[in-house]
Amino acid sequence: MHEKILVIEDDFDIQEIISETLSANGYKVELAEDGLVGIEKFNKEKYDLIILDIMMPKINGYVVCEMIRKVSDVPIIMLTALEEEQDQIRGFELKIDDYITKPFSINLLLKRVEAVLRRTNKDYEDHRVYFEEIAVDKSSYRVWVNNENVELTTKEFEILETLIRNKGRVLTREVLLEKIWGYDFYGDARVIDTHIKNLRHKLNTDYIKTIRGVGYKLEK
């Protein structure tokens with residue numbers, strides 16, 4: 001599953017940077033240049049999250065939010081240049097999930113998107129796991145470090161995902177072989193060491209710790 005996000009924003013430069021960043025991180029993105037187009041798209045498609053500007057031509061973000069909330073509890077993140085407390089309060093009274101003011105950090109926006117989806121979507125928790133700056137998506141077999149895609153082999157991916165899901169726990173080579181290769185593996189258990197070496201190189205982090213004579217664990 002790839003989460004589908006609708007970005008309703010009239011600034012084309014902001015549209016582009018949001019779309020490129022979200023797409024690079026495995027999300028499906030659709031764009032709407034004003035509130036009317038946004039409502040039209042919302043009525044035709046199902047979205048997992050909406051990023052909504054407030055100050056737009058035709059109808060503003062508050063009205064769009066009000067219309068959406070009459071029929072749906074889809075997560076909404078408001079993205080706006082309005083910084084006054086009453087503007088933010090009005091957004092939360094309309095039951096938005098988060099509020100980000102411009103200018104904004106694209107990395108912060110990405111983290112807010114991840115946080116809102118984790119809170120509101122159980123399936124998201126099931127197929128995406130995180131450790132520090134590493135993000136792993138089981139549904140697409142994709143990995144990001146600091147929002148940069150990292151190419152891993154299937155076995156490297158499965159080892160990393162297993163370590164993240166068991167972070168802080170020591171996993172023996174035999175346990176890793178059983179979880180990833182299954183019971184029918186009859187080769188040398190040291191094959192794990194080669195994959196770990198490659199993982200460390202590709203991730204360029206030191207989170208994978210060697211526990212001498214035992215196996216490996218993931219920790220900060």
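What counts, and at which threshold
Residues numbered from 1 in each chain as written. Predicted model: local features only at pLDDT ≥ 70, side-chain atom pairs only at ≥ 80, totals over all residues. Heavy atoms only, no water. UniProt positions renumbered as here; feature names shortened; annotations may be inferred. Helix = DSSP H or I, 4+ residues; strand = E, 2+ residues; numbered from the N terminus. Buried < 20%, exposed > 50% of the residue type's maximum accessible area, 1.4 Å probe, protein only. Arc of directions from axis to C-beta. Contact = heavy atoms within 4.5 Å. Polar contact = N/O pair within 3.5 Å; in protein donor to acceptor, adjacent residues only side chain to side chain. Phe/Tyr/Trp six-rings, centres within 6.5 Å; stacked < 30°, edge-to-face > 60°. Pairing = 2+ DSSP bridges. Axes fitted to C-alpha atoms, helices over the stretch in contact; angles between N-to-C directions.

Per an unreviewed UniProt entry, the protein chain is named Stage 0 sporulation protein A homolog, and its organism is Fervidicella metallireducens AeB. Looking at the protein chain in UniProt, the text filed under Function (unreviewed entry) is "May play the central regulatory role in sporulation. It may be an element of the effector pathway responsible for the activation of sporulation genes in response to nutritional stress. Spo0A may act in concert with spo0H (a sigma factor) to control the expression of some genes that are critical to the sporulation process."

What follows deals with the environment of V191. As for its placement among the helices and strands, V191 is situated in helix 9 (residues 191-203). Taking the relative accessible area as the measure of exposure, V191 reaches 27% and is therefore partly exposed.

Right, let's get into helix 3 (residues 61-69). Along helix 3, the residues classified as buried are G61, Y62, V64, C65, I68 and R69. Across the axial projection of helix 3, the buried residues extend over an arc of 160 degrees, all falling on one side. Contact partners of the buried residues in helix 3: strand 1 (4-8), helix 2 (35-44), strand 3 (49-53), strand 4 (76-80) and helix 4 (85-93). By the N-cap criterion, in which a side-chain oxygen at the helix start approaches the backbone nitrogen of a residue two or three places on, helix 3 is capped by N60, the distance to Y62 being 2.9 Å.

All chains considered together, the criterion is met by 3 aromatic pairs. A centroid spacing of 5.2 Å and a plane angle of 80 degrees characterise the contact between F131 and Y207, whose relative ring orientation is edge-to-face. Of this pair, F131 sits in strand 6 (residues 128-131) while Y207 sits in the loop between helix 9 and strand 11 (208-211); the two residues are 76 residues apart in sequence, bridging distant segments of the chain. Both residues of the pair, F131 and Y207, count as buried. Summarising the aromatic geometry, the rings of Y141 and F157 are spaced 4.3 Å apart at their centres and angled 25 degrees between planes, so their arrangement reads as stacked.

Quick look at the sheet that holds strand 10 (residues 171-172) now. As summarised here, the arrangement of the 3 strands in space is 10-12-11, forming an open sheet in which the pairing is antiparallel. A single partner strand is all that each edge strand has here, and the edge strands are strand 10 and strand 11. Across 2 bridges, strand 10 lies against strand 12 (residues 215-218) in antiparallel orientation. Within strand 12, the position partnered with L171 by the bridge is Y216. The strands touched by helix 7 (residues 154-165) within the sheet are strand 10, strand 11 and strand 12, with strand 12 carrying the most contacts at an inclination of about 65 degrees.

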